[in-house]
Amino acid sequence: MENAETASAEIEPIRLRLFDWWSRYARDLPWRFGRTTPWGVLVSEVMSQQTQMSRVVPYWVAWMKVWPDAASLAAAPKAEVITAWGRLGYPRRALRLQECAQQVAGQYADRLPRDYDQLVALPGIGDYTASAVMSFAYGERIAVIDTNIRRVLSRVFLGRESTGGAASREERQLAWQVLPEDGEQKPVSADEGGPEDVGVQDGGAQEDSGRLGLADPKVRSAAWREPPSARWNQAVMELGATVCIARKPACDICPLAGHCRFLKAGMPGLGVGRTRPRQRFAGTDRQVRGAILQALRQASGEPVSKEDLRHLCEDEIRLDRCIASLDEDGLLEIGQNGSLSLPQ
Ligand code: SF4
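What counts and what doesn't
Residues numbered from 1 in each chain as written. Predicted model: local features only at pLDDT ≥ 70, side-chain atom pairs only at ≥ 80, totals over all residues. Heavy atoms only, no water. Near = heavy atom within 4 Å. 1 Å grid on protein atoms, 1.4 Å probe; cavity = no way out; pocket = protein on both sides within 12 Å on 5 of 7 lines; lining within 4 Å. Sits in = over half its atoms within 2 Å of the grid points. Nonpolar A, V, L, I, M, F, W, Y, C, P; charged D, E, K, R; others polar. Salt bridge = Lys/Arg side-chain N within 4 Å of Asp/Glu carboxyl O. Helix = DSSP H or I, 4+ residues; strand = E, 2+ residues; numbered from the N terminus. Buried < 20%, exposed > 50% of the residue type's maximum accessible area, 1.4 Å probe, protein only. Phe/Tyr/Trp six-rings, centres within 6.5 Å; stacked < 30°, edge-to-face > 60°. Lys NZ or Arg CZ within 6 Å of the ring centre and 35° of its normal. Axes fitted to C-alpha atoms, helices over the stretch in contact; angles between N-to-C directions. Parallel < 35°, antiparallel > 145°, perpendicular 65-115°, else oblique. Left-handed = near helix turned anticlockwise from the far one by under 90°. Contact = heavy atoms within 4.5 Å. Disulfide = S-S within 2.5 Å. Expected span 1.5 Å × (residues − 1).

K.L.:
Got a sec to walk through the site of the ligand? Specific residues and values, please.
P.N.:
Taken together, Arg 155, Val 156, Cys 244, Pro 249, Cys 251, Cys 254, Ala 257, Cys 260, Phe 262 and Leu 263 form the complete shell of residues around the ligand. Mapping the ligand onto the cavity grids shows that it belongs to the largest cavity. Taken together, the residues of the shell around the ligand break down into nine nonpolar, no polar and one charged.

As structure tokens, then:
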């Protein structure tokens, strides 16, 4: 953007279109729109790191039923925590989340801090998760920067692909520059269901999420009551997850197509920012580690011998390596006789 004047003239119609799209096509996920606690929002964010949100829903629902707050998770047996993590992948996250819960319960009397610096100091919480909690749970005005947001903002406003790696200074500046001021909130229409139709192309999200759009008027109304900065962060991220995806953006149904510099420029270097090819899963240590944990979960606390796990991996060296790495990560315990079990 050349200057602030151009920026504000350019941003306003983009916001209107995006907010309208958000109210029509946001996935009605159970941790959105003020229906859970800040702790619930944090759990959803940790679960969705490296796992698709639509896959997270049943795990999150079951998890929050058993451990609705930090204190209950802090006191849970590790084996139950690892078991409940199920097939969300990267199970170390479960143990880090429990460490985080222990700190929140002990240090903050079971109340998740409403302070970026305190959040980012918690185990397993980085810049993204701390910002997401500040914005989505507390409604604080803060730029949330993840891969999806970087991709959308870079395409729409800069006309180029976001590069991989850490967010650049320019990307951070852009995210702050286009973030709405919360004092700018426009009054919602009579039924509190959102603004007048702004003529967005009719098109839904690409990811198979089950439920699309905010059919329930109460939820729709809650969505419009969120501060504009929080709504913006969530809507940009949602567009990046469901429409403006990395390799094949669905520009034909995108609400921002008429404003997108990247589309206008002919999408130069589409996908170049995606430096890491999607990791193969079959035949990797990750797969073997997952299979070992699944076998231990199914044993329901009974110790399992290494012999019982042989069928999971023909390569004995790999099997040993995976058992050792799970032990190192605190995800299993090796008994005196060499038997394996989930940690207590
Ligand atoms: S027009 Fe295409 S590239 Fe531009 S934001 Fe929309 S989906 Fe992404």
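The rest of the description comes next.
K.L.:
So, the pattern of salt bridges: which residues are in play, and what are the values?
P.N.:
The tally for this structure, following the rule as stated, stands at 20 salt bridges. The shortest N-O distance in the salt bridge between Glu 238 and Arg 27 comes to 2.8 Å. With a gap of 211 residues between them, Glu 238 in helix H12 (residues 228-242) and Arg 27 in the loop between helix H1 (4-25) and helix H2 (38-48) connect regions that are remote in the sequence. Each member of the pair, Glu 238 as well as Arg 27, is classed as buried. In this structure, the salt-bridge partner of Asp 320 is Lys 306, at a minimum N-O distance of 2.5 Å. Taken as a pair, Asp 320 in helix H16 (residues 316-328) and Lys 306 in helix H15 (residues 306-309) lie far apart in primary sequence, 14 residues in all. Look at Asp 320 and you get partly exposed, because its relative accessible area is 31%.

K.L.:
Provide a residue-level description of the side chain of Ser 162, including the pertinent values.
P.N.:
Within the fold, Ser 162 resides in the loop between helix H9 (147-158) and helix H10 (169-177). You can call Ser 162 buried: its relative accessible area is 12%.

K.L.:
Describe in detail the packing of aromatic side chains, supporting the description with residues and values.
P.N.:
Counted under the stated rule, the structure contains seven aromatic pairs. Measuring from ring centre to ring centre gives 6.5 Å for Phe 19 and Trp 232, while their planes differ by 80°; the resulting arrangement is edge-to-face. In this pair, Phe 19 is assigned in helix H1 and Trp 232 in helix H12, connecting sequence segments 213 residues apart. With respect to burial, Phe 19 and Trp 232 carry one shared label: buried. Their ring planes at 75° and their centres at 4.8 Å tell us that Trp 63 and Trp 67 sit as a pair that is edge-to-face. Comparing Trp 63 with Trp 67, the two get one shared label, buried. One aromatic cluster is present, formed by Phe 19, Trp 224 and Trp 232 through successive ring pairs. Between Arg 231 and the ring centre of Phe 19, over which it is positioned, the NZ or CZ distance is 4.5 Å.

K.L.:
I'd like a rundown of the packing of helix H14 (residues 285-298) against H16, residues and numbers included.
P.N.:
Viewed as axis vectors pointing N to C, H14 and H16 meet at an angle of 70°, and their least axial separation amounts to 9 Å. In this view, H14 runs roughly perpendicular relative to H16, as classed from their interaxial angle. H14 and H16 meet at a crossing whose hand is right-handed. Residues Asp 285, Val 288, Arg 289, Ile 292 and Leu 293 of H14 form the contact with H16, whose participating residues are Arg 318, Leu 319, Arg 321, Cys 322, Ile 323, Ser 325 and Leu 326. Of the residues belonging to the contact of H14 with H16, the class tally is seven nonpolar, one polar and four charged.

K.L.:
Give me the state of the cysteines: which residues, what numbers.
P.N.:
According to the stated counting rule, one finds zero disulfides in the structure shown. For Cys 313, which is in no disulfide, the shortest distance to another cysteine sulfur is to Cys 322 and amounts to 6.5 Å.

K.L.:
Residues and numbers for H14, please.
P.N.:
Its 14 residues give H14 an end-to-end C-alpha distance of 20 Å, which sits within 8% of 20 Å, the value for a rise of 1.5 Å per residue. When we look at burial in H14, the residues that qualify are Val 288, Arg 289, Ile 292, Leu 293, Gln 294, Ala 295, Leu 296 and Arg 297. Looking at the buried side of H14, the elements it contacts are helix H5 (78-85), helix H6 (92-107), H15, H16 and strand E2 (340-341). Positive phi shows up at Ser 300, right after H14, with a value of about 50°.

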